[in-house]
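Chain residues, written in single-letter form:
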Amino acid sequence: MAVEKTELPKDSRLHGFFKKGDFLDCYSVQLGRENLPIEEVAQHIFIGLPAWIDTLLFLRDAAVGPFGLKKTADLPRDTAMREKVKAGEAINFFPVQSVAENEIILGEDDRHLDFKIAVYRDREKPGRISLATLVHTHNCLGRTYLRLISSFHVLIVSARLAALARKLA
């Protein structure tokens, strides 16, 4: 159940948003269960974040507030587990942009950067879940922000996938 850095699957719809110079990473984990709807998998990843991630988000909000950037605390939030999730709704504070049978894309746009997250289930190996992040920066502030948070990003993604694998073993 180790989390691995992987390539974004070739049929991920996230490829359609990629532009030259964008940040893109992808991590995958093998789950013990294969039959969960992708909406449920995504909710397990993003709802019920541990306190250390909430603390990092609080610190992030305090740091970006003076620059006029969106704060996670101000975004619409939905932490209820639901059977179905639709585009336009939120999973925690992540707006859902699209839902397909094997992939859900979440994301938010701001003046410094746009980001998209794909939760993807491999069609050939249904227990294989990938979590990919795509970031398109708009300016120096976005590029600086991305550099500052990148190590925290990898830590959070790896921790959430590991927790998912343990929970759904």
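Structural notes, computed from the coordinates. (Residues numbered from 1 in each chain as written. Predicted model: local features only at pLDDT ≥ 70, side-chain atom pairs only at ≥ 80, totals over all residues. Heavy atoms only, no water.)

1. Considering unusual backbone geometry
Then, number 1: Even without being glycine, N92 reaches a positive phi, approximately 55°.
Then, number 2: Relative to the assigned elements, N92 resides in the loop between strand 3 (90–91) and strand 4 (94–99).
Then, number 3: Take N92: its relative accessible area is 4%, and that puts it in the buried class. (Helix = DSSP H or I, 4+ residues; strand = E, 2+ residues; numbered from the N terminus. Buried < 20%, exposed > 50% of the residue type's maximum accessible area, 1.4 Å probe, protein only.)

2. Comments concerning the packing of aromatic side chains
Working definition: an aromatic ring pair is given by the centre-to-centre distance plus the angle between the planes.
Then, number 1: By the definition in use, this model includes three aromatic pairs.
Then, number 2: When the ring of F94 is compared with that of F115, the centres are 6.2 Å apart and the planes differ by 85°; the resulting orientation is edge-to-face. Of this pair, F94 sits in strand 4 while F115 sits in strand 6 (residues 113–121), placing them 21 residues apart in sequence.
Then, number 3: Site record: aromatic cluster; members linked through ring pairs are F46, F93, F94 and F115.
Then, number 4: Directly above the aromatic system of F17 lies the positively charged group of K116, at a separation of 4.9 Å from the ring centroid. (Phe/Tyr/Trp six-rings, centres within 6.5 Å; stacked < 30°, edge-to-face > 60°. Lys NZ or Arg CZ within 6 Å of the ring centre and 35° of its normal.)

3. Let's talk about the pattern of salt bridges
Then, number 1: Tallying each qualifying case throughout the model produces seven salt bridges.
Then, number 2: With a closest N to O distance of 3.0 Å, D61 and R60 form a salt bridge.
Then, number 3: For D61, a relative accessible area of 10% puts it in the buried group.
Then, number 4: Several salt bridges share partner residues, and in doing so they unite D78, R82 and E89 into one network. (Salt bridge = Lys/Arg side-chain N within 4 Å of Asp/Glu carboxyl O.)

4. Quick look at helix 1 (residues 38–46)
Then, number 1: Burial analysis of helix 1 places eight of its nine residues in the buried class, which makes it a mostly covered element.
Then, number 2: Listed in full, the buried residues belonging to helix 1 are I38, E39, V41, A42, Q43, H44, I45 and F46.
Then, number 3: Buried residues along helix 1 sit against strand 3, strand 4, strand 5 (103–109), strand 6, strand 7 (128–137) and helix 3 (140–167).
Then, number 4: Following helix 1 by one or two positions, G48 adopts a phi angle in the positive range, close to 75°. (Contact = heavy atoms within 4.5 Å.)

5. Some points on the nonpolar core
Then, number 1: Formed by 37 residues in total, the largest nonpolar core has its most connected members in F46, I91, I104 and V119.
Then, number 2: Looking at this core, the elements that each hand over two or more residues are strand 2 (23–30), helix 1, helix 2 (51–64), strand 4, strand 5, strand 6, strand 7 and helix 3.
Then, number 3: Here V119 is in contact with I38, V41, A42, I45, F46, N102, E103, I104, L106, I129, S130 and L131, once residues within four sequence places are set aside.
Then, number 4: Of all hydrophobic cores here, the second largest spans seven residues; its members include L14, I105, A132 and L134. (Core = buried A, V, L, I, M, F, W, Y, C linked by side-chain atoms within 4.5 Å.)

6. As for the pairing of strand 7
Then, number 1: With respect to burial, strand 7 is a largely interior element, nine of its 10 residues being buried.
Then, number 2: Across eight bridges, the pairing between strand 2 and strand 7 is antiparallel. Looking at the pairing, C26 lines up with A132 of strand 7.
Then, number 3: Pairing analysis gives nine bridges linking strand 6 to strand 7, with the strands arranged antiparallel. When the sheet's bridge partners are listed, D114 is paired in strand 7 with H136.
Then, number 4: Count of turn residues in the strand 6/strand 7 antiparallel hairpin: six residues. (Pairing = 2+ DSSP bridges.)

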